[in-house]
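Take a look at the letters that make up each chain.
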Amino acid sequence: MSTPSITVTIDGRTLTQDDIHAIEFERIKHVFRDMSALGAQLHDATGADMTLKQALALPFAKAKEALVVTKVRLGREGILNLYKDRLAQSDEMWHRIAAETVKGRNMQPAYVEVNVDGVTIGDFIAYNRALNKNGDTTAPFYIHPEHFVFEAKDGGQYVMETVGEYQEPTFQFLYLGPNPTKPVEEDADTTIAIAGDTAWLVSDHTYLPIMGIHQFKAKKGGMRAKLGIFFPENAPIEVVNGHKEHLAVEFSNALTYAARKKSIMSPVFNAVVILRKALTRK
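Residues numbered from 1 in each chain as written. Predicted model: local features only at pLDDT ≥ 70, side-chain atom pairs only at ≥ 80, totals over all residues. Heavy atoms only, no water.

(A) Representation of the sheet that holds strand β5 (residues 108–117). Here 6 strands make up an open sheet; going across it, the order is β2-β1-β5-β12-β11-β9 and the pairing antiparallel. Edge positions in the sheet fall to β2 (13–15) and β9 (192–196), since each has one partner strand and no second. The mean angle between the axes of side-by-side strands here comes to 20 degrees, regardless of whether they run parallel or antiparallel. Relative to the sheet, helix α1 (residues 17–37) contacts β1 (5–10) and β2, its axis offset from that of β2 by approximately 80 degrees. (Pairing = 2+ DSSP bridges. Helix = DSSP H or I, 4+ residues; strand = E, 2+ residues; numbered from the N terminus. Axes fitted to C-alpha atoms, helices over the stretch in contact; angles between N-to-C directions. Contact = heavy atoms within 4.5 Å.)

Here is the structure:
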């Protein structure tokens, strides 16, 4: 089992893994408080019932595991039912934002830069493909505490998460179709870019005016990534800034798990990346 070296930079500020864990720990506690306020029974890592006071007293690793167990015990429908009123409030916010948005105009970028040794682009692609394929519903819970529902089907992903650490969770469908519109041009040193421009609310198919492009740049023994989510001009700035922290936690965890669970397909994807990089230089 290898441990990658990960450095995250937000707005010129370098975050250590201790910094990332501190952000994640606070969001774990936030979710515990919300679930308890909504009437959910919390569970520790063994599955035993616990109070909110007991949950908030747990150290980071045990709190993280306990939150995963609590979500598993609730199940998909239990979580959606628990948060149904708050999801409706979130939908109302996005309805207002969408009604006042011209797609692609004056978008607010949330950028996060990541430098990693020990995980290549091929490793990361292989890990994510396996995650989408094997149907492990708990993996997204470990990647970020504000992931509540994740299901890969219908040509995309059904995701319930708190966008930008802001107010209530959103239940959305992210369509992973071909040839999405990119919010910005790729950097000259980008090896592979993954873009998205189509998402909608699961409740009523309201289009969410959010775009994204994650740019991955190969280097020996690792990679650099420039992660970018672009919010409409009338989205609260708290969403934009909060989502930078969300991305930092999400990708730090995903890269760590990718290092631990390297797929047999990693060499194949690594070879493709090397070839792509060579062709790009010509």
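(B) Layout of the pattern of salt bridges. In this structure the tally under the stated criterion is 17 salt bridges. K244 is paired through a salt bridge with D11; the nearest N and O atoms lie 2.9 Å apart. In this pair, K244 is assigned in helix α7 (residues 237–260) and D11 in the loop between β1 and β2, connecting sequence segments 233 residues apart. The class for D11 is exposed, based on a relative accessible area of 61%. The partner of R76 in a salt bridge is E151, and the shortest N-O contact between them spans 3.4 Å. (Salt bridge = Lys/Arg side-chain N within 4 Å of Asp/Glu carboxyl O. Buried < 20%, exposed > 50% of the residue type's maximum accessible area, 1.4 Å probe, protein only.)

(C) Highlighting the packing of aromatic side chains. Tallying each qualifying case throughout the model produces 9 aromatic pairs. When the centroid spacing of 4.6 Å and the interplanar angle of 55 degrees are considered together, the rings of Y158 and F173 count as tilted. In this pair, Y158 is assigned in strand β7 (residues 156–161) and F173 in strand β8 (residues 170–175), connecting sequence segments 15 residues apart. Residue classification places F173 among the buried positions, given a relative accessible area of 2%. Relative to W200, the ring of Y175 lies with its centre 6.5 Å away and its plane at 25 degrees, an arrangement referred to as stacked. A residue pair is termed long-range when its members are at least 10 positions apart, and Y175 in strand β8 and W200 in strand β10 (residues 199–201) qualify at 25 residues. We classify Y175 as partly exposed; its relative accessible area is 37%. Every member of this aromatic cluster is reached through a ring pair, and the members are Y158, F173, Y175 and W200. Stacked on the ring of F25, the Lys or Arg K29 has its end atom at 4.2 Å from the ring centre. Across the ring face of F148, the terminal group of K71 is positioned such that the distance to the ring centre comes to 4.9 Å. (Phe/Tyr/Trp six-rings, centres within 6.5 Å; stacked < 30°, edge-to-face > 60°. Lys NZ or Arg CZ within 6 Å of the ring centre and 35° of its normal.)

(D) Inspection of the pairing of strand β12 (residues 222–231) at higher detail. The element β12 is largely enclosed, with a buried count of 9 among its 10 residues. Bridging between strand β11 (residues 211–219) and β12 involves 9 bridges; their strand directions are antiparallel. Following the sheet pairing, G212 is matched in β12 by I229. Count of turn residues in the β11/β12 antiparallel hairpin: 2 residues, of which G221 carries a positive phi of about 75 degrees.

(E) Quick peek at the pairing of β5. In β5, alternate side chains face the same way, and those of Q108, A110, V112, V114 and V116 are buried while those of P109, Y111, E113, N115 and D117 on the opposite face are not. Alignment of β1 against β5, held across 5 bridges, turns out to be antiparallel. Considered in β5, the bridge of T7 is made with N115. Sheet analysis places β5 next to β12, joined by 10 bridges and oriented antiparallel. Looking across to β12, one finds that E113 is bridged to K226.

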